[in-house]
Amino acid sequence: KNEVEQSPQNLTAQEGEFITINCSYSVGISALHWLQQHPGGGIVSLFMLSSGKKKHGRLIATINIQEKHSSLHITASHPRDSAVYICAVDGNKLVFGAGTILRVKS
Amino acid sequence: EPEVTQTPSHQVTQMGQEVILRCVPISNHLYFYWYRQILGQKVEFLVSFYNNEISEKSEIFDDQFSVERPDGSNFTLKIRSTKLEDSAMYFCASKRFLIRESNTEAFFGQGTRLTVV
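Here is what the cut-offs are and how they apply
- Residues numbered from 1 in each chain as written.
- Chains lettered and ligands numbered in written order.
- Predicted model: local features only at pLDDT ≥ 70, side-chain atom pairs only at ≥ 80, totals over all residues.
- Heavy atoms only, no water.
- Phe/Tyr/Trp six-rings, centres within 6.5 Å; stacked < 30°, edge-to-face > 60°.
- Pairing = 2+ DSSP bridges.
- Helix = DSSP H or I, 4+ residues; strand = E, 2+ residues; numbered from the N terminus.
- Axes fitted to C-alpha atoms, helices over the stretch in contact; angles between N-to-C directions.
- pLDDT = per-residue confidence, 0-100.
- Buried < 20%, exposed > 50% of the residue type's maximum accessible area, 1.4 Å probe, protein only.
- Polar contact = N/O pair within 3.5 Å; in protein donor to acceptor, adjacent residues only side chain to side chain.
- Salt bridge = Lys/Arg side-chain N within 4 Å of Asp/Glu carboxyl O.
- Disulfide = S-S within 2.5 Å.
- Contact = heavy atoms within 4.5 Å.

## Describing the packing of aromatic side chains
All told, the structure shown has ten aromatic pairs over all chains when counted by the stated rule. An aromatic cluster is defined as three or more aromatic residues linked by ring pairs; in this entry it consists of Phe96(A), Tyr33(B), Tyr35(B), Phe45(B) and Phe108(B).

Structure representation (structure tokens):
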């Protein structure tokens, strides 16, 4: 069983839609990271969470430590949000989910 | 804004050759990592490095791999004798980690795409 499970694997949305990507994990962690990977391959850190909720622009990330679950929300999605979104849990090292491929159509 | 830089961005090497991938972590960071991503697969942990020594390594990180912080700024990953299956994107990451803090954000380099032919 994977330590980090993301859903959905693929997501196609229309511009303007509200998007949710989910992450469940099975191990004890000190933090959870949401990362963005563009087609060129580079990884950008979006959020690091250890509790509660964080917001940055149109992005919102929440975590429920008791349920071992986190969500990444994108409000008013835009084609430039198209990317792979990766959840990674942090003990002493990052353990990555398989990623969610998001495509936002105009 | 401080960033992690990796060089080269792309390296092609022949099977059996040695390669060195270079990373310059953010200057006040103390924890350094190498991860790799084989095309189409998820990112995997290779090794973590703190206080001039390896703190943890994965099963992937066998005797063909080594890491070094030769001069206080660079952090290198050496693959001694490359194999075809070493072809992947290699990411360096660093964290500022102080004893009193529980955890800090990881900053990633843009990656080095290694192609072994």
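On we go from here.
## Description of the sheet that holds strand β1 (residues 5-7) of chain B
Strand pairing in a sheet relies on backbone hydrogen bonds. The paired strands run either parallel or antiparallel. All names here are of chain B. The strand order across the open sheet formed by four strands is β1-β3-β8-β7, and the pairing between neighbours is antiparallel. Where the open sheet ends on each side, the last strands, each with one partner, are β1 and β7 (65-68). If you compare each strand with its neighbour and ignore which way they point, the axes differ by 20° on average. Examined bridge by bridge, β7 and strand β8 (residues 75-79) share four bridges and lie antiparallel to one another. Note on β8: the bridge partner recorded for Glu68 is Thr76.

## A look at the confidence of the model for chain A
Mean pLDDT over chain A works out to 93, with 99% of the residues at or above the 70 mark. The least confident element of chain A is strand β5 (residues 43-49) of chain A, whose mean pLDDT is 91; the most confident is strand β8 (residues 69-74) of chain A, at 98.

## Focus: the sheet that holds strand β1 (residues 4-7) of chain A
Residues and elements named next belong to chain A. Strand order in the open sheet formed by five strands is β1-β3-β8-β7-β6, and the pairing between neighbours is antiparallel. The sheet terminates laterally at β1 and β6 (52-56), the two strands that pair on one side only. Strand-to-strand, the axes of this sheet are offset by a mean angle of 15°, without reference to chain direction. The pairing of strand β3 (residues 19-25) with β8 spans six bridges and is classified as antiparallel. Along β8, the bridge assignment pairs Asn22 with Ser71.

## A few points about the side chain of Gln6(A)
Residues and elements named next belong to chain A. Inspection of the secondary structure puts Gln6 in strand β1. Looking at Gln6, the relative accessible area reads 10%, which means it is buried. At 2.9 Å, the side chain of Gln6 forms a polar contact with the backbone oxygen of Tyr85. At 3.2 Å, the side chain of Gln6 and the side chain of Thr100 are in polar contact.

## A word on the pattern of salt bridges
Throughout the structure, instances matching the rule amount to four salt bridges over all chains. In this structure, Asp81(A) engages Arg58(A) in a salt bridge whose closest nitrogen and oxygen atoms are separated by 2.9 Å. Here Asp81(A), found in the loop between β8 and β9 (83-90), pairs with Arg58(A), found in the loop between β6 and β7 (59-64); they are 23 residues apart in sequence, far enough to count as distant. What makes Arg58(A) partly exposed here is its relative accessible area of 26%. Measuring nitrogen to oxygen at the nearest pair gives 2.9 Å for the salt bridge that ties Glu56(B) to Lys93(A).

## Some details on the state of the cysteines
Residue and element names in this part refer to chain A. Taken as a whole, this structure holds two disulfides over all chains when the rule is applied. Each disulfide pairs two cysteine sulfurs, and for Cys23 the partner residue is Cys87, the sulfurs being separated by 1.9 Å. The S-S bond linking Cys23 to Cys87 shows a torsion near -55°; that makes this disulfide left-handed. Residue Cys23 is found in strand β3, and its partner Cys87 is found in strand β9; the two are separated by 64 residues along the sequence.

## Here we look at the environment of Lys83(B)
All names here are of chain B. Secondary-structure assignment places Lys83 in the loop between β8 and β9 (88-95). Judged by its relative accessible area of 29%, Lys83 falls in the partly exposed class. For Lys83 and Gly16, which are 67 residues apart along the polypeptide, the C-alpha to C-alpha distance reads 6.3 Å. Look past the residues within four positions of Lys83 in its chain and what remains in contact with it is Met15, Asp62, Gln64 and Val116.

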